[in-house]
Every structure is written in C-alpha cells, then in structure tokens.
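A look at the structure
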Amino acid sequence: GLVGELTTDKCNAILCPPGTSSPIGRQEDVESPCKECSGNTDAERKQHAPYYGMLKCNPISEERKILEEIHGLIFTGASEDTYWMSDNPICSWYGITCANDADDEGVTEIKLESNSLSTDDPQRVTELFFSLPDLESLNIRGNTDLPLKLDNVKFPARLQLLQLSDTGLTTIKGIGNATALKELHFTENDIGGKFPEEIFNLKSMEFLYMSFNKITGTLPSEIGELTDLREFYAYTNEMTGTLPTELGNLVGIENLVLGKNNFNGQLPSQLNNLVELKEFSVYYNKDLTGPVLDFSGVKKIQKFDLEGNQFTGQLPSKFFGGLDFDYISNPENEIILHLADNALTGLLPAELVSIKNLYLDIVGNKFEEVPPSFCQQSQWMNGKVGELNSCSAIACPKNTFSDSGRLNSNDDESCTPCEDLEEAPFVGSYACSKIELEILALKELYSATGGDSWSVKDNWMDY
C-alpha cells in the first residue's frame, strides 16, 4: 500500500527515478525516500544513476569525462552526434563501440568518419583520444580540419588500427611509438619530405596506406623488414630512384601499389618472390624500363598494371604461367593486365588464352599482331570481344587507329584505316603517322634486294 501512502512521488514506491537510488531500488517506506545522487543539476545527478531502480549512485566514469571533453573540442559543426552528452551509457553514443552497449566504460573503437569534425586544439584532442585505455581502433577519416599531433603522446597498448586519411595532417612524427599498430591509413593529406622512417618501428604492420601525399626521395630498403605486410598502397606521391630489391622480402604481400611516382630503372628480379600477389601496380612512373618479369609463381592475380612506362622487349613465355587453373577457368574471376603505353615488342604469350575472363590492355606498344586464338575469347575485354566478334576489341589492327587504340563499341568508335602515305605499323595505335618518302623508298629497296639476307642490316626497317 506504499503507493497510496505517499503523498508525492508515488512512483518511487515502484522504482527510484534516474538521478536517485536506494539499497532496494525503490522507496522502502514513508521515512526512507530514494536518495538523490551528488550534482548541482538533474543532468549531473543522472550521470551517476542513469536508470530507474538504481541500487546506488555510481561514480562518473573517467571515459565519460574524456568523451565529453572531446565533444566540446571537435563536435561544434558535427553532422551526427546521436546520444552524445546524454544520460545514455557512452557505449551507446554514435560512433562508440565497447564490449557491451550498456556499459559506461571500456571504449574499444571510435568511428567518426566524415562527420564534419574540427578543432583548434589538436594536441589536446590527440591526448584525449589516446587516453582511452582499451582503445583498439580510431577512425576519423574525412574530417579535413582534424589533424592529430602524434608526437609526445602515449598510445594505448592495444591500438591496432589508425585511420587518419583526409584529416589535414602534415606530419606523422611520433607514429613509431604506436608499436602495436597493424593497420595505418594517412592517405589524402599534405605530408611531404622523405619517407617517414618511423614506420619501420611498426613490425606488426599488415596494412599500410599512404597514397595522395607529397612524399619524396627513395623508398628505403627497410621496407623489406615489414614482413607481415599484406597491403601497401603508396601511389600518387613524388618518390624517386629504383625500387629496392628488399621488396622481395614481402613474401606474404597481396596488394603492392606504387603507381604515379617518379621511380626509374628496372623491376628488381626479387619481385618474382611475391607469389601471393593479387594486385601489382607501378603505372605512370614514366621512367621504369627494361624487361617485364614473368611473375610465374603467382597463383591468383587480379590486377597487374605497368601502364605508362618504358618497358621494352618481349613478354616472357612464362608470363603468369603459374596461375591456378580453377581460378582462371572461373568466368567470375576477371584478370586485368594493363600493359598499355610502353615499348613492348614481339609475340604475346599464347598461353594467356587459358584465362577465361581477361581484360588485356596492350595498346600503345609495338606489338605487330594479336594472336588469332585471342579473337575467340568472347568474355575478354568485358565481353566486347564476343559482342563485336572482333580482335579490334583488344587492339586496332595494323594501319588502323582509334582514340583508344581499340574498338569499344559498334556505335561510337571505329578503327579508322590510315590514309595514303600514312601508316600505323603496330596494333593498338592511337593515330597514323606520315611516311617519309625517303624512308618508303629505302624500305622498298630493302625488300627488292632481299634485305633479310643482308650480312649487315642494323636498324633497317625499324621505322
């Protein structure tokens, strides 16, 4: 009958309201009301007892205090902040993950990607994030005015993932102290200067992403010490020099993407050690040259990109000759080979015909023919070979051209024949060139006099 006996707060006889407590979770009798928690406001008191029927007023967790301060420093223009600064447990707040959503401590993951966050005090924000003792993953990608200051901070012992891409970073100095890291992203920032060698302290690193920065100088040989690497993306930087032979130590790597830098020289033969490759890309370095390696130990390549360099010579006869038969026979597994815009010559390896679904980009080279067997592969080139019933879907024939070097559809493009006194001596040409009459006359002389049998014929017929 206590509900009837109470003249006010009658529901307290059922459950003490938030901000109060009692040893039994409700008012026991008329003389023993629910006890208010400490605090100057209802909001403060509710932080100690956020639910009905609390048996005691709990102390405010240190992690709640940390997140509340973070909120005040970076959430001014936030796109989303559901439950932040509410009485709900912090583990239910937007972007916060713990072992249990009902907990008020134990933050393991923060994911606030592209949330319009910014700060005028990056040092304090950095200290606060990394003072969460159980933090394993922090993702603040796409908050362009939230550059953390990584030097002079103590990283959580379990921190394994740090996603700082597109946050306005100009340096990652101090990252070498985050020794438990396995995954690091700092793409799309403004980081310049030489390769940040502190990264080589991170011996457990498996996934490293640093594309779209302004990193200069050589790729240090110490990259070969990160033997746990599975993915390394460093395209669109300004690195120079030759590729280090130590890349061959990364025997477990699956994706190695170094395009759009300024590397030069030949591919080190040690790259043939990388048998787990799924993607290898060094496109548009411009000054990479020499022969193409065979990569014959690779089992399941997905994308291979050498486009826009100066590779020469004939493709090896065992070029990707070790691909898994079941893998290449499955039409669901597209294999992309970008070899365009080099100076490759000779015959294309006939063994490529065993690949069921191939995108073979060979335009802009010095190949003289596409093997007839390739023209029967109806699923190649995203099905264009079958759709057009023509090898022109792979490359325009000799003495024809198109803007793309191939025929893409029946409607909007064709391989146009060269006009008189013009030629396109290789398949996959973008344009025809004028034949100089002197050169034409010398070629006719060569043919008329049996030039193939001349004892000395250096450079004849090369143009």
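Structure first, text after, so check above.
For the structure given in this document, a descriptive report is provided here. (Residues numbered from 1 in each chain as written. Predicted model: local features only at pLDDT ≥ 70, side-chain atom pairs only at ≥ 80, totals over all residues. Heavy atoms only, no water.)

What follows concerns the sheet that holds strand β11 (residues 231-233). The strand order β3-β4-β5-β6-β7-β9-β11-β13-β15-β17-β19-β21 describes an open sheet built from 12 strands, whose pairing is mixed. Only two strands of the sheet have a single partner each, and these edge strands are β3 (96-98) and β21 (358-361). Recorded for the sheet is a direction-independent mean angle of 10° between the axes of neighbouring strands. For strand β6 (residues 161-163) and strand β7 (residues 183-185), the ladder comprises 3 bridges, and the chain directions are parallel. Residue pairing for β7: Leu162 is matched across the bridge by Leu184. (Pairing = 2+ DSSP bridges. Helix = DSSP H or I, 4+ residues; strand = E, 2+ residues; numbered from the N terminus. Axes fitted to C-alpha atoms, helices over the stretch in contact; angles between N-to-C directions.)

We now examine a negative patch on the surface. Together, Glu5, Glu28, Asp29 and Glu31 line one region of the surface with negative charge. Looking at the secondary structure, you find Asp29 in the loop between β1 (20-21) and β2 (35-36). (Patch = residues over 30% accessible without salt bridge, like charges linked within 9 Å, V, L, I, M, F, W, Y side chains within 5 Å. Areas by Shrake-Rupley, 256 points an atom, 1.4 Å probe, with all protein chains shown as cover. Salt bridge = Lys/Arg side-chain N within 4 Å of Asp/Glu carboxyl O. Lys, Arg positive; Asp, Glu negative; His and termini not counted. Charge placed at Lys NZ, Arg CZ, Asp CG, Glu CD.)

Attention shifts here to the side chain of Asn213. Looking at the secondary structure, you find Asn213 in the loop between β9 (207-209) and β10 (214-217). Accessibility expressed as a relative area gives 6% for Asn213, which makes it buried. Within the structure, the side chain of Asn213 is placed 3.1 Å from the backbone nitrogen of Ile191, a separation counted as a polar contact. Not counting chain neighbours up to four residues away, the residues in contact with Asn213 comprise Phe186, Thr187, Glu188, Asn189, Asp190, Ile191, Thr236 and Asn237. (Buried < 20%, exposed > 50% of the residue type's maximum accessible area, 1.4 Å probe, protein only. Polar contact = N/O pair within 3.5 Å; in protein donor to acceptor, adjacent residues only side chain to side chain. Contact = heavy atoms within 4.5 Å.)

With respect to the helices and strands, the residue Asp101 is situated in the loop between β3 and β4 (107-111). The exposed category is assigned to Asp101, whose relative accessible area is 51%. Taking C-alpha positions, Asp101 is 43 Å from Leu274, a pair spaced 173 residues apart along the chain. Setting aside chain neighbours within four positions, we find Asp101 in contact with Pro89, Cys91 and Ser92.

As paired elements, strand β17 (residues 303-305) and strand β19 (residues 335-338) share 3 bridges and run parallel to each other. Residue pairing for β19: Lys303 is matched across the bridge by Ile336. Bridge count between β19 and β21: 4 bridges; the pairing is parallel. When the bridges of β21 are listed, Leu337 appears paired with Leu360.

Below, the discussion takes up a nonpolar patch on the surface. A surface patch of nonpolar side chains, about 400 Å² in accessible area, is lined by Val3, Ile14, Leu15 and Tyr52. Tracing the sequence through the fold places Leu15 in the loop between α1 (2-5) and β1.

Counted by the stated rule, this structure contains 18 aromatic pairs. Note on Phe280 and Phe295: the rings are 5.4 Å apart at their centroids and 45° apart in plane angle, and the pair reads as tilted. In this pair, Phe280 is assigned in strand β15 (residues 279-281) and Phe295 in the loop between β16 (287-290) and β17, connecting sequence segments 15 residues apart. Taking the relative accessible area as the measure of exposure, Phe280 reaches 1% and is therefore buried. Among the aromatic side chains, those forming a connected cluster through ring pairs are Phe280, Phe295, Phe304, Phe319 and Phe320. (Phe/Tyr/Trp six-rings, centres within 6.5 Å; stacked < 30°, edge-to-face > 60°.)

Right, let's talk about the state of the cysteines for a bit. Per the stated rule, a full pass over the model turns up 6 disulfides. Two residues share a disulfide in this structure: Cys418 and Cys432, whose sulfurs sit 1.9 Å from each other. For the disulfide bridge between Cys418 and Cys432, the dihedral angle about the S-S bond is near -80°, and by the sign convention the bridge is left-handed. One end of the pair, Cys418, is in the loop between β23 (416-417) and β24 (422-423); the other, Cys432, is in the loop between β24 and β25 (433-434), and 14 residues separate them in sequence. (Disulfide = S-S within 2.5 Å.)

The subject of this paragraph is the side chain of Glu231. Along the chain, Glu231 falls in strand β11. For the buried Glu231, which has no salt bridge, the nearest side chain bearing the opposite charge is Arg230, at an N-O separation of 6.1 Å. Among the polar contacts listed, one links the side chain of Glu231 to the side chain of Tyr209, at a separation of 2.4 Å. Residues contacting Glu231, with those up to four places away along its chain left out, are Glu206, Phe207, Leu208, Tyr209, Ile253 and Asn255.

The next point concerns the pairing of β4. In this sheet, β4 lies alongside β3 in antiparallel orientation, the contact comprising 3 bridges. In the strand pairing of β4, Thr97 is matched with Glu109. Here β4 runs beside strand β5 (residues 137-139); their pairing, made up of 3 bridges, is parallel. Counted as the bridge partner of Lys111 is Asn139 from β5. A crossover connection joins β4 to the parallel β5 through helix α4 (residues 122-129); in handedness this β-α-β unit is right-handed. (Right-handed = clockwise from strand over helix to strand, strands pointing away.)

A separate point is α4. All of the buried residues along α4 are Pro122, Val125, Thr126, Leu128 and Phe129. Looking down the long axis of α4, one finds its buried residues gathered within 165° of arc, a one-sided arrangement. Looking at the buried residues of α4, the elements they touch are α3 (62-74), β4 and β5. (Arc of directions from axis to C-beta.)

What is shown is where atoms sit, not what they do.
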